[in-house]
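Each chain, letter by letter, is given below.
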Amino acid sequence: MQRRSDIEVFYDLLRQLEFKTGGLRRLCDCHGRMTWSKRGVYFFFEPGEYRSGDPRLHRVVRVGTHALAPKSRTMLWNRISQYRGTTNPPGGNHRGSIFRLLVGEAIINSEQSLPVASWGKGSTAGRDIRDLERTHEVRVSQYLGDMTLLHLDVPDEAGRDSARAVIERNSIALLSSFREPAPDSPSPHWLGRHSGRERVRRSGLWNNNHVEEAHDPDFLNVLEDLVRRMADT
């Protein structure tokens, strides 16, 4: 009962965040000229993935942040733009984005006619391999581009104990079905069911870390305070 109650509080806070930020942003429409938090946490929603009992409300399918390593200077938009991929030429770099890697892998597994033998192999790749992967990178960009997101301003310093890390870790743990079924389960046709990663399949999230952990309910107080501080758009 505690977890179900905490999930309701979590989604109520996201509704407040959506109101304050002017609504969800579709990833394919995002660009660097938009107003983005310098540092923050993001929450992704996926078409066709709804909260149990209410087909009007989408469930969160990925939570993440950036720049947790000490002295890291990566900005929030830098991370979001990696997920969106490039526009000229169309494509992307799944070796620089675990989100893109996971989605691309699941697409390959769901459509055996789309083999990409080099997908996810190595931390770098030469131009010839990247050219062979480009068509699939475009598929990934198209799939991710239909997702929508919210972002929360969390102007703290980089670090594993930062507020961003606390919110990311506990949000994932709260929503994950890895340890026990969550109230909002993935739909039967969710692409993540084709993932080669057990943590993705069992959690119902496009996350590979923190899905097996238990959440600390106190993180909701941190989330509430940060949502309250967000300036209305």
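Above this text is the structure in question.
Calculation rules
- Residues numbered from 1 in each chain as written.
- Predicted model: local features only at pLDDT ≥ 70, side-chain atom pairs only at ≥ 80, totals over all residues.
- Heavy atoms only, no water.
- Bend = angle between axes of the 7 residues up to and from the residue.
- Helix = DSSP H or I, 4+ residues; strand = E, 2+ residues; numbered from the N terminus.
- Buried < 20%, exposed > 50% of the residue type's maximum accessible area, 1.4 Å probe, protein only.
- Contact = heavy atoms within 4.5 Å.
- Core = buried A, V, L, I, M, F, W, Y, C linked by side-chain atoms within 4.5 Å.
- Phe/Tyr/Trp six-rings, centres within 6.5 Å; stacked < 30°, edge-to-face > 60°.
- Axes fitted to C-alpha atoms, helices over the stretch in contact; angles between N-to-C directions.
- Parallel < 35°, antiparallel > 145°, perpendicular 65-115°, else oblique.
- Left-handed = near helix turned anticlockwise from the far one by under 90°.
- Nonpolar A, V, L, I, M, F, W, Y, C, P; charged D, E, K, R; others polar.
- Pairing = 2+ DSSP bridges.
- Salt bridge = Lys/Arg side-chain N within 4 Å of Asp/Glu carboxyl O.

A. Inspection of helix H4 (residues 127–145) at higher detail. Along H4, the sharpest change in direction is near 45° and occurs at Arg134. Restricting attention to buried positions, one finds in H4 the residues Glu133, His136, Glu137, Val140, Ser141, Leu144 and Gly145. Residues of H4 that are buried make contact with strand E1 (25–26), helix H2 (76–84), strand E5 (90–91) and helix H3 (98–110).

B. Structural detail: the nonpolar core. Core analysis: the largest hydrophobic core is formed by 28 residues, its most contacted members being Phe44, Ile80, Phe99, Val103 and Trp206. Listed by contribution, the elements that provide at least two residues to this core are strand E2 (40–51), H2, H3 and H4. The element that contributes the greatest number of residues to this core is H3, accounting for seven residues. Setting aside chain neighbours within four positions, we find Phe44 in contact with Leu27, Arg59, Val60, Val61, Arg62, Ile80, Tyr83, Phe99, Met147, Thr148 and Leu149. By size, the runner-up hydrophobic cluster in this structure holds 27 residues, among which are Leu13, Phe43, Val60 and Ile172.

C. View of the packing of aromatic side chains. For the structure on display, the rule yields nine aromatic pairs. Between Phe10 and Tyr11, the aromatic rings sit 5.3 Å apart at their centres with planes inclined by 85°, giving edge-to-face as the arrangement. Note on Tyr11: relative accessible area 5%, which makes it buried. Centre to centre, the rings of Phe44 and Tyr83 are 6.0 Å apart; their planes meet at 70°, and the pair counts as edge-to-face. A residue pair is termed long-range when its members are at least 10 positions apart, and Phe44 in strand E2 and Tyr83 in helix H2 qualify at 39 residues. For Phe44, a relative accessible area of 0% translates into the label buried. Each residue in the set Tyr42, Phe44, Tyr83 and Phe99 is aromatic and connected to the rest through ring pairs, giving one cluster.

D. Focus on the packing of helix H1 (residues 2–21) against helix H5 (residues 163–175). Direction vectors running N to C along H1 and H5 enclose 125°, while the axes themselves pass 10 Å from each other. With respect to H5, the element H1 is oriented oblique. H1 and H5 meet at a crossing whose hand is left-handed. Where H1 abuts H5, its residues Arg3, Asp6, Ile7, Phe10 and Tyr11 lie against Ser171, Ala173, Leu174 and Leu175. In terms of residue class, the contact of H1 with H5 is made up of six nonpolar, one polar and two charged.

E. Examining the pairing of E2 more closely. By the criterion of burial, E2 is predominantly enclosed, with nine of the 12 residues buried. One ladder, built from six bridges, connects E2 with strand E6 (residues 148–153); its direction is antiparallel. Bridging from a neighbouring strand, Tyr42 pairs with His151 of E6. Sheet topology places E2 next to strand E3 (residues 54–64); six bridges connect them, and they run antiparallel. Bridging from a neighbouring strand, Tyr42 pairs with Gly64 of E3.

F. Representation of the pattern of salt bridges within the structure. Under the definition given, this model contains 17 salt bridges. Taking the shortest distance from any N to any O, the salt bridge between Glu8 and Arg51 comes out at 2.8 Å. One end of the pair, Glu8, is in helix H1; the other, Arg51, is in strand E2, with 43 residues separating them in the sequence. A salt bridge links Glu157 to Arg39, with the shortest nitrogen-to-oxygen separation between them at 3.9 Å. Highlighted residues: Glu157 in the loop between E6 and H5 and Arg39 in the loop between E1 and E2, separated in sequence by 118 residues.

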